[in-house]
Amino acid sequence: MKVPLNWLTDYIKLNHTPEEFGKIMTDLEFMQDGPIVEINGQKVIEIEVRQNRPDLLSIIGVAREYAAYIDSNITEPKKLENTEIKVEWGSPDQNLKVDEPEIVKRFCTVELSNVKIKPSPDWLRNNLEAYGINTINNVVDITNYVMLEYGMPLHAFDFNKLAKKDGSPLLTLRLATNGEEFKTWQNTVLKLSEDDLVVSDNEKPVALAGIIGGANSDIDEQTSHIILESACYNQAVIRKSSQKHGIRTEASSRHEKFLNPSMVTAAILRALFLLTDLAEAKIIAIEDHNLNENQEKKIVEFNTNE
């Protein structure tokens, strides 16, 4: 996990030099991997993250770990408040259908119109580039930015490029058929099997779920209407699919580990704040498949007197 230190200070004040910070993370068992480098005017440290700590695959996760070490609090980034959302946060209906609930723990879609595609502001571009991700446009950059902030991958589809059918949901989470083809946004053609989970419109796969988006629904200069999604899957399914096709992305490196489904809400609300602020987007509908929503919460009490 690369940690641009100027970006990190958006959430926590650093009380140590970059060298001291690297040693602290190493002492906390997140070993500094290689020398400190400087990109876009900020120092960048790379740390090794253990398989059981996917929360550290995020800038905020690193900030929380450091905050615990120095006995401090982090500053949360601005998110859209629920009271600012004028549409109902509803169940799957017109835009979403989940055929594989045993694999898809959560899948939340937001339909947005009036989207203005433009270059991202310098602060966003600089932080992404310091991490090592090329900037494309404000919408794609926002999905990448929030993924790195919260460790929850997001993806945006161009609504107008998705095949539609009267009476059928726009997107379906389903298993692929044996031999079904999918072209990634990198123009690589994959032959899928029934072990692969896909996001499909009414004609074809538009994403290999949790791994990579397709060339047939990507965001470009003409995009004005999008579907934003963030999800949480059975991590073993994503890991096996990623290994089988030899594709490892920033998204798959997170989805192949156990992610907290409740973090989808935080990532969506953060992305919506940025999309309404930087892309002037208007929220039309929110649909959320959430298997954890009605699960009973268990309270564990500790006797601190013993």
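Residues numbered from 1 in each chain as written. Predicted model: local features only at pLDDT ≥ 70, side-chain atom pairs only at ≥ 80, totals over all residues. Heavy atoms only, no water.

(A) Fine view of the sheet that holds strand β13 (residues 212-213). Strand order in the open sheet formed by 5 strands is β5-β8-β11-β12-β13, and the pairing between neighbours is mixed. The sheet is open, and its two borders are formed by β5 (96-98) and β13, each paired with just one other strand. Sheet topology places β5 next to strand β8 (residues 171-175); 3 bridges connect them, and they run parallel. The partner of V98 across the bridge, within β8, is L173. (Pairing = 2+ DSSP bridges. Helix = DSSP H or I, 4+ residues; strand = E, 2+ residues; numbered from the N terminus.)

(B) Main features of the state of the cysteines. Applying the stated criterion across every chain, the model contains 0 disulfides. Free of any disulfide, C108 has its nearest neighbouring cysteine sulfur in C232, separated by 12 Å. For C232, a relative accessible area of 1% corresponds to the buried category. (Disulfide = S-S within 2.5 Å. Buried < 20%, exposed > 50% of the residue type's maximum accessible area, 1.4 Å probe, protein only.)

(C) Representation of the packing of aromatic side chains within the structure. Within the structure shown, the criterion is met by 3 aromatic pairs. Aromatic pair F21 and Y66: ring centres 5.4 Å apart, planes at 65 degrees, arrangement edge-to-face. Pair noted here: F21 is in helix α2 (residues 18-27) and Y66 is in helix α3 (residues 59-70), with a separation of 45 residues, a long-range link. Judged by relative accessible area, Y66 falls into the buried class, the value being 0%. When the ring of W123 is compared with that of Y145, the centres are 5.5 Å apart and the planes differ by 85 degrees; the resulting orientation is edge-to-face. (Phe/Tyr/Trp six-rings, centres within 6.5 Å; stacked < 30°, edge-to-face > 60°.)

(D) Here's a closer look at helix α8 (residues 263-278). Look at α8: 22 Å from first C-alpha to last across 16 residues, which is about the 22 Å you get at 1.5 Å a residue. One or two positions beyond α8, positive phi appears at E280, with a value near 60 degrees. (Expected span 1.5 Å × (residues − 1).)

(E) Representation of the side chain of S242 within the structure. Inspection of the secondary structure assignment puts S242 in helix α6 (residues 235-245). The residues touching S242, leaving out its near neighbours within four places in the chain, are I211, I247, R248 and S252. (Contact = heavy atoms within 4.5 Å.)

(F) Broad picture of the nonpolar core. Ranked by internal contacts, the top residues of the largest apolar core, which has 61 residues, are L8, I47, L112, L228 and L275. Sorting elements by how many residues they give to this core places α8 first, with 10 residues. Setting aside its immediate chain neighbours within four residues, L112 contacts S224, H225, I226, L228, L272, L275, A281, K282, I283 and I284. Ranked by size, the runner-up nonpolar core spans 30 residues in total, among them I103, A176, L197 and I211. (Core = buried A, V, L, I, M, F, W, Y, C linked by side-chain atoms within 4.5 Å.)

(G) Structural view of the packing of helix α5 (residues 138-150) against α8. Relative orientation of the contacting elements α5 and α8 amounts to 145 degrees, with a least axis distance of 10 Å. Crossing of α5 over α8 shows right-handed handedness. Contacts between α5 and α8 involve N138, V139, I142, Y145, V146, E149 and Y150 on the former and, on the latter, M263, A266, A267, R270, A271, L274, L275 and L278. When grouped by side-chain class, the residues that make up the contact of α5 with α8 number 12 nonpolar, 1 polar and 2 charged. (Axes fitted to C-alpha atoms, helices over the stretch in contact; angles between N-to-C directions. Left-handed = near helix turned anticlockwise from the far one by under 90°. Nonpolar A, V, L, I, M, F, W, Y, C, P; charged D, E, K, R; others polar.)

(H) Spotlight on the environment of C232. Topologically, C232 is positioned in strand β14 (residues 226-233). Residues C232 and K23, 209 residues apart in the sequence, show an inter-C-alpha distance of 33 Å. With residues up to four places along the chain from it excluded, the contact list for C232 reads I103, V104, K105, R106, H255, L259, N260 and P261.

(I) Main features of the pattern of salt bridges. Considering all chains together, one arrives at 19 salt bridges under this definition. Two residues, E65 and R53, come together in a salt bridge whose shortest N-O distance is 2.7 Å. You can see E65 sitting in helix α3 and its partner R53 sitting in the loop between β3 (42-46) and α3, a full 12 residues away along the chain. Here E65 matches R53 in class, with each residue buried. In this structure, E180 and R174 form a salt bridge, with 2.8 Å as the shortest nitrogen-oxygen distance. Each member of the pair E180 and R174 is classed as buried. (Salt bridge = Lys/Arg side-chain N within 4 Å of Asp/Glu carboxyl O.)

(J) Quick look at the packing of helix α4 (residues 122-131) against α5. The geometry of α4 relative to α5 is characterised by a closest axis approach of 10 Å and an angle of 60 degrees between their N-to-C directions. Classed by the angle they form, the pair α4 and α5 counts as oblique. With respect to the hand of their crossing, α4 and α5 are arranged in left-handed fashion. Facing α4, whose interface residues are W123, L124, N127, L128 and Y131, α5 presents D141, I142, N144, Y145 and L148. Residue composition of the contact of α4 with α5, grouped by class: 7 nonpolar, 2 polar and 1 charged. (Parallel < 35°, antiparallel > 145°, perpendicular 65-115°, else oblique.)

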